[in-house]
Amino acid sequence: MVLSSAKGFLGRLIRNTLNTGMMKSKYTFLLLFTLITSSCNKILDLEPLDSVSDAAVWSDPALLELYVNSRYDELPHGYVQWAGGLRVTALTDESYDIHQGPRLLNQYTQGEVTPTNMHLFGGFWIQAYSAIRNLNIFLERANPNLGNPERTAQLIAEVRFLRAWFYTELFSRYGAVPLLTSTVTVEEADEIVDRTPVSEIITFIDAELSQAANDLPAKHAGGDFGKATKGAALALKARALLYGASPLFGSGSMEDWQKVATACEDLFNVGAYALSSDFQGMFLNVQDPEIIFSKQFAEIQGPKVNFQLGYYTPSGGHFIEEWRLPNGNAGWSQDNPLMNLVDEFETLNGEIPVMGYTGNENDLTPLLNAHATDYDPSDPYKNRDPRLTYSIFYDGATLNDRVVEFWECGKDSRCESVQFWWNGALIDHTIRKGLNLNWRPGAGVASTTPYIYMRLAEFYLTYAEAQYHLGNTGLAAQYVNMVRARPGVHMPPVESSQTGSGLLDKIKHERKIELAFEGNRWYDARRWLDAERDFGRDAVGLHVIKDEATGHKTYRYFIQQQSSYPVSHYFLAIPAEEMNKTIWL
């Protein structure tokens, strides 16, 4: 609801009340009634001294800029304190959250999600539609001829990009959702009787991003750096079309896959991006040529843990280094990578070393790949894809000036004689990817580590997938191999593997490795309809055992958690409280 006549303190109070859904409270009605009746002569007759009127926003180019800048703050990110927002890795076969796994995330990983227990992820529905409402207000009220028309056109394009981003997230999570392209009143909301089909939402996103790309620059500089660009619009378009062509959402027609390929080619033709020469460092460098769109953070902005209607709606900054680094560095060891993922990192010869497990669930026996002749189960991290070391801390890995010690009573273990033992890993791995290893405890300020939404390698692999479905397998393999051959990785071509899987499986595998812990896995396995199989496999953990006398290490593999992924989990449930608000859900 838009209250264009509301001004000053009272206007802000009314607007905030409506926006947060508090108008159902009888106490709020009493508060508003008291303020209105007792202060109308004092407040309503004065120009606001501590706020800006709606009329001023839409008539001042500088205020218009501020309004758009504020919309970027509404983008969620994947570095929130608990699972939620875009932090979905612990919902997949990538990692186990030692702090939330046994308490809340088990509802997702063991097939128990319902509309009434969406505590960690139900908040996204609220956040998304709140943001879309603010974006719709801008598109309705902004005058294209205000100030510099070219600059205003760019702002409008940024808003179209952000709205398309939220709708891409909504349909990829929930399937068909209401497509609202204008603001609605409470009364009008009850007249919405149908969800919009996914195909129509994708068509809308395609058109919006095509239009936005025309008015966005290839690059930003100065105060605009980090805002949406032409490349970001084209990349998001390619991602939305990829989802739409995949089995979960569409028929995967040749026409659909051609649209994906064309969108990727348009992105490449912008000429602003290149694969990074520093795989490990690019996640800390928003200026890296591989980064297409990211979110930056200031040290003084800490995380905000908000709850709306009982749902976690995180915002603000983050302390991702503290949450993910091992306890030997005073971290929480929060996300422990599973053997389900670690085993997928190939040997230097291009073979997956472990194909599964058998035996007692507390002492599993790995099933080794006979083709992985350079794999040594007694030294399992040797001769592996370099991205394993770039992405995961394992026992014996180097962390600045020390060696990681996950073995019992090592510096990073849960032995009670160890400092911060209660934050020791349950599975003897923690995430390394994207962390600033210079972080030190006690700094008192939030992290400046950026969150990367999109980078070029994702779209090389998207292009490869599209070309595979178009029958151009040579071109598909070429783009996969470009990612594998990047500086610092130098993995052999996918064609060299002797393990019997087709090219599509190898493309899927490459996305799993290259994009690990970046949020893509949850979307990918679902859109491929592979989640029942992959996320339904039990979570396999690792315990490192060190002989005190000889220093020899052995490795015990075990079932950390039994997993289940029913068909109903392919789409998130809409929170029950949201369904109860309307007559149509």
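A. The arrangement of the overall build of the protein chain in detail. Across its full length, the protein chain carries 20 helices and 16 strands. Of all 585 residues assigned to the protein chain, the portion counted as buried reaches 56%. A sequence separation of at least 24 residues applies to 70% of the contacts in the protein chain between residues at least 6 apart. Within the structure as shown, the protein chain displays about 24,100 Å² of accessible surface, and the carbon and sulfur contribution to it stands at 52%.

B. Quick peek at the side chain of Gln 154. Relative to the helices and strands, Gln 154 resides in helix H7 (residues 149-174). Looking at Gln 154, the relative accessible area reads 11%, which means it is buried.

C. The arrangement of the packing of H7 against helix H18 (residues 520-527) in detail. At a minimum axis separation of 10 Å, H7 and H18 run at an interaxial angle of 55 degrees. When the axes of H7 and H18 are compared, the pair comes out oblique. When you trace H7 past H18, the crossing you get is left-handed. Contacts between H7 and H18 involve Glu 169, Ser 172 and Arg 173 on the former and, on the latter, Trp 522, Tyr 523 and Arg 526. Looking at the contact of H7 with H18 residue by residue, the class counts come to two nonpolar, one polar and three charged.

D. Fine view of the environment of Leu 572. Checked against the element boundaries, Leu 572 lands in the loop between strand E16 (553-561) and helix H20 (576-581). A residue is classified by how much of its surface remains accessible, and Leu 572, at 9% relative accessible area, is buried. C-alpha of Leu 572 to C-alpha of Leu 170: the two residues are 402 residues apart in sequence and 9.8 Å apart in space. The residues contacting Leu 572, other than those within four sequence positions of it, are Tyr 108, Met 118, Phe 121, Arg 173, Tyr 174 and Trp 522.

E. Here's a closer look at unusual backbone geometry. Positive phi values are uncommon outside glycine, yet His 490 reaches one of about 50 degrees. Here His 490 shows up in the loop between helix H16 (473-484) and helix H17 (503-514). For Leu 529, which is not glycine, the phi dihedral falls at a positive 65 degrees. Topologically, Leu 529 is positioned in the loop between H18 and helix H19 (531-534). For Leu 529, a relative accessible area of 41% translates into the label partly exposed.

F. Representation of the state of the cysteines in the model. Throughout the structure, instances matching the rule amount to one disulfide. Each disulfide pairs two cysteine sulfurs, and for Cys 409 the partner residue is Cys 415, the sulfurs being separated by 2.1 Å. Between Cys 409 and Cys 415, the S-S dihedral sits near 55 degrees, and the bridge is therefore right-handed. Relative accessible area serves as the criterion here: at 10%, Cys 415 is assigned to the buried category.

G. Main features of the confidence of the model for the protein chain. Across the protein chain, the average pLDDT comes to 88, with 89% of residues at 70 or higher. Counted against residues more than four places away or in other chains, residues 1-47, with its pLDDT under 50, gives 47 contacts.

Definitions and cut-offs
Residues numbered from 1 in each chain as written. Predicted model: local features only at pLDDT ≥ 70, side-chain atom pairs only at ≥ 80, totals over all residues. Heavy atoms only, no water. Helix = DSSP H or I, 4+ residues; strand = E, 2+ residues; numbered from the N terminus. Buried < 20%, exposed > 50% of the residue type's maximum accessible area, 1.4 Å probe, protein only. Contact = heavy atoms within 4.5 Å. Areas by Shrake-Rupley, 256 points an atom, 1.4 Å probe, with all protein chains shown as cover. Axes fitted to C-alpha atoms, helices over the stretch in contact; angles between N-to-C directions. Parallel < 35°, antiparallel > 145°, perpendicular 65-115°, else oblique. Left-handed = near helix turned anticlockwise from the far one by under 90°. Nonpolar A, V, L, I, M, F, W, Y, C, P; charged D, E, K, R; others polar. Disulfide = S-S within 2.5 Å. pLDDT = per-residue confidence, 0-100.

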